[in-house]
Amino acid sequence: MLNSQAARRALLAVAGILAVIVVAAAAANSNNAAASGTLVVDKAFDLKTADPQRQFEVSGGIIAHVLYDTLLEFRGSDVTNPLPSLATGYKASNGAKTYTFTLRRDVRFSDGTPLTAKDVVFSFRRLINLKGNPSFLLANVTSISARGNYTVVLKSKVSNPALPAIVANGSLGIVNSKVVKANGGTDAVGADKTDKAETFLNRTSAGSGPYVLKSFNTTSRVELTTNPRYKGRRVPKFSNVVMRNIQAPAQLLSIQRGTNEISLDLSPDQAGPLFGNKNLNVQAVAGPNIWFLFANANPKISEITANKRFQNAIRYQLDYNGTVRLAGKGSRRAAGVVPSQFLGALPDSAAIKQDVTRAKAELAASGLKNPEVELEFPSDFTSSGLSFGVMAQKVQADLAKIGIKANLVGKPIATSLANYRAGTEQLGLWLWGPDYPDPNDYLVFLPGQLVGLRAGWAAGADPKLEALGRKAGSTQDPKVRGKLFQQIQVQLNQRGPFFPLFQPGQVVAASKNLTGVAFNATYQIDLATIGSK
Amino acid sequence: MARRFVALLFLGLGITLIAFLLTNLVPGDPAAANLGQRAIEDPAAVASFRERYGLDKSLLEQYGVYVWRLAHGDLGESQQARLPVTTELGRFIPATAELALLSILIAVVVGVGLGILAAIRHNRLTDHVLRVVSLTGVSMPTFWLALVALYVFFFRLNWLPGTGRLDPQFSEPEQRTGFFTIDAMLQGEWATAADAARHLVLPSLVLALYNIGLLTRYTRTAVLDVVNNDYIRAARAKGIPERRVVLRHVLRAALPSVLTVIGLAFANVMTGAVLVENIFAWPGIGQYAYRSATTLDLPAIMGVSLFVAVVYIIVNFVVDVLYGVIDPRIRVA
């Protein structure tokens, strides 16, 4: 038998090593953001690029909003009224086919170069010709030109009343054309093959916004520092911003420990314990995403789901209030497909209400006996902390109460998207996030349009509704346009294959000392307007 | 050695072929996974994407191009990040390596030490306790442990930092090795190096726990196999100090089998720490692999597959060489 003195020594050595490691680590641990004037933002990244004309993700939008100014902007929580930013104003003419923007003359890029109309023209043309994710935003614009140094004219082939909302998008942030060209950028046709500026823009920003890029890592963190040449309304209060890639469970712990910290991805459930925390300000407001169910209107996909009475049975059977409760604090009922914050949103009073008696009557009138369908959804996707699988189960349970058997078919999003886009799902549970805060973005739900086709709703399926859509989409007067879109949604609710469910709550948790933290449906939060008491 | 090297080359090529075939068999369109809902409906955007990544060519052509580029050290461009896969691997691998090395060091020192102790105290209370501890270590789900560790040591006790490789007020050091501790020291940024070291502790301890359990068990068994041999009794009978008997005779004889486990444990940590990296927001190869798989980023998936294969090949090779060093009777063919 071996010596126990050696054993004691071994045990002591092991314990000693472990203790040294832990004590050394703990010795200087502290949460130090406050000491350095650094704002810390915790976000689960979907980041791909810092190039504004390529980025179209939520995380990228937050960063682009403070690196690059846009012609117009939304302020605070408002997303109905685009206000002057780089442009002092604009004029729409020719039935909203032509927009003329007048630029400020005092704006400088971060290297001191004056921002002029040619930079706007370059940025917009580059956006189109890169053929990337956000390129569609200017798909209807046929001409972009500079008139002098401080006037930009955009011409569209069709009436484009959404353009003011579109130009406020971070992907239309204005870049320093001279610098970008010098680093391989181009706005010419074929830019998708020839533009090489992305690598440069992922290291160094070339904008006029309140911050400049210090470092960029799509999986760990993005660091920003103040732009000393910034001239604008949004003078930053924090000299540095660090946006960290952290998943929601770790964000929940971190926000309770940190100072000068903001967390953006907590679900309403996760944030539950934080409401009432005296060290935090926690807001739960309705986000702009619309979760919806659809029944495929194409009888070739399913004669059951294409049956109008069957669709009505679903429409009146769904427990809408229950889904809102399940979605958690801050969520609200989606009265129509246009989010509540946008022009043209339906009031809550116009929402379809559950009517089980009517649902049963519709199902009986459909002639279908014990209908059985497949309910497809992305099984690995969560949005605002909500799992599609859980919602699908709720829908399944609701429908089962009147004898509709919905078999759950969950697939990873990379594969389920294919069926959705191909229009082959019988019942589908999905969401639509706004590309820009304007009701025109929701014309996609009409027959023959992008989402309509995914629900098997071909062009010509509802000529009256389609005509109303064309009229609403080209009306310039916002009040009239808003009313027209409300009419569209009322008709969609009555006879369309879509069943808008809810807008999930968006939780923003921030350290108590922070001011100016306001959720905005387009860019989430404006890092430049956040200060400290 | 030359024959072995050629065999390794063919093995690597075979792995690229399998990875290529499997990723192309997965239902799902990379263009759909990487382009937005609007862009996917734009034929020009889709065509541009396919052309950029060679997806408009036949599978045979795509594989041929891949192998040709691979022969020139080019692993292609990530569809997600639009950066060379080699550049991305060059960033993510060191992050995991820094974690893995510390984790394995802790696991080896503690696991082997406890294994020897358990063998020394064979069938006594210490042995029984350590066997339970080691079983607990290998049974506990690592992701759960990571969450609990974060909750207890960061949130509750504030003994250790939370997620990430550095606190917010420290900037990442200029990359020379990719090991933040070393890079920061090389640049004289001592505070950054200390902070990086602090951030290493919790995730590496979490990763080490499973391997501590594993190594405790294997070392105990290996030592027990050796300790009753005649030459050990003879060494003791000759009056050799006990410490020397353990370290020079017992451990050396027990080491080959333990070495195999150490090698596999290291390879596992290098290639499979996805959940721990995710929870600790550690930007390592595990996170990269997860992101690549869920976005059908084919070049990145191929790159990671190749990396995993190379790690296991190298680890096995190193272990084989070390066998020969520890026991001259074993020769590497």
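Sequence order as written defines the numbering, with residues in each chain counted from 1. Going through the entries in the order they are written, you letter the chains from A and number the ligands from 1. Where local features are concerned, this predicted model is filtered to residues with pLDDT of at least 70; where side-chain atom pairs are given and counted, the filter is 80 or more; whole-chain, interface and lining totals use all residues.

Student: I'd like a rundown of the sheet that holds strand 14 (residues 332-333) of chain A, residues and numbers included.
Tutor: In any sheet, the strands associate via hydrogen bonds between backbone groups, in a parallel or an antiparallel arrangement. All names here are of chain A. By the convention used here, strands pair only if DSSP detects at least 2 bridges between them. Working definition: helices are DSSP H or I runs of at least four residues, strands are E runs of at least two. Numbering for both runs from the N terminus. One open sheet holds the six strands; their spatial order is 14-20-13-19-15-18, and the pairing between them is mixed. A strand with exactly one partner marks an edge of an open sheet, and here the two such strands are strand 14 and strand 18 (405-411). In terms of strand pairing, strand 14 meets strand 20 (residues 498-503) through two bridges, oriented antiparallel. Within strand 20, the position partnered with Arg333 by the bridge is Phe502.

Student: Let's hear about the nonpolar core: which residues, and what values?
Tutor: Note on definitions: a nonpolar core is a set of buried residues drawn from Ala, Val, Leu, Ile, Met, Phe, Trp, Tyr and Cys, linked by C-beta atoms within 7 Å. As a rule, residues whose C-beta atom has 12 or fewer other C-beta atoms within 10 Å are exposed, those with 20 or more are buried, and those in between are partly exposed; C-beta atoms are placed from the backbone. A:Phe292, A:Leu527, B:Leu215 and B:Val258 are the most contacted members of the largest nonpolar core, which has 235 residues in total. In contact with A:Phe292, other than residues within four places in its own chain, are A:Val337, A:Trp430, A:Trp432, A:Phe498, A:Phe499, A:Pro500 and A:Leu501. By definition, residues are in contact whenever their C-beta atoms, placed on the basis of the backbone, come within 7 Å of each other.

Student: Lay out helix 5 (residues 85-120) of chain B in plain terms, naming residues and giving numbers.
Tutor: Three or four residues apart is the spacing at which side chains of an α-helix point the same way, because the helix has 3.6 residues per turn. Multiply 1.5 Å by the residue count of a helix minus one, and that product is the helix's expected span. Look at helix 5 of chain B: 49 Å from first C-alpha to last across 36 residues, which is about the 52 Å you get at 1.5 Å a residue. Judged by how many residues are buried, helix 5 of chain B sits mostly within the fold: 27 of 36 residues are covered.

Student: Explain unusual backbone geometry residue by residue, including any values.
Tutor: Of note in the backbone geometry, A:Ala96 takes a positive phi value of approximately 60 degrees without being a glycine. Tracing the chain through its elements places A:Ala96 in the loop between strand 4 (87-93) and strand 5 (98-103).

Student: Just give me the short version of the sheet that holds strand 6 (residues 141-146) of chain A, but keep the residues and values in it.
Tutor: Residues and elements named next belong to chain A. The antiparallel open sheet is built from four strands, whose spatial order is 4-5-7-6. Two strands in the sheet have a free side with no partner beyond their single neighbour: strand 4 and strand 6. The mean angle between the axes of side-by-side strands here comes to 15 degrees, regardless of whether they run parallel or antiparallel. Where strand 5 lies against strand 7 (residues 151-156), five bridges are found, and the strand directions are antiparallel. From the neighbouring strand, Thr98 faces strand 7, where its bridge partner is Lys155. Simply put, an axis is a line fit to the C-alpha atoms, just over the touching stretch for a helix, and the angle between two N-to-C directions goes from 0 to 180 degrees. Across the face of the sheet, helix 4 (residues 117-129) comes into contact with strand 5, strand 6 and strand 7 while running at roughly 155 degrees to strand 6.

Student: How would you explain the confidence of the model for chain A if you had to name every residue and give the values?
Tutor: Per-chain confidence: chain A averages 92 in pLDDT, with 93% of residues scoring 70 or above. pLDDT expresses how confident the predictor is about each individual residue, on a scale running from 0 to 100. Throughout residues 27-36 of chain A the model reports pLDDT below 50, and contacts reaching past four residues in sequence, or to other chains, amount to 23 contacts.

Student: Pulling in residues and values, what's your account of the pairing of strand 4 of chain A?
Tutor: Residues and elements named next belong to chain A. Pairing geometry for strand 4 and strand 5, over six bridges, is antiparallel. By the bridge assignment, Ala87 is partnered in strand 5 with Leu103. Hairpin connection between strand 4 and strand 5: a loop of four residues separates the two successive antiparallel strands, and Asn94 in this loop has a positive phi of roughly 60 degrees.

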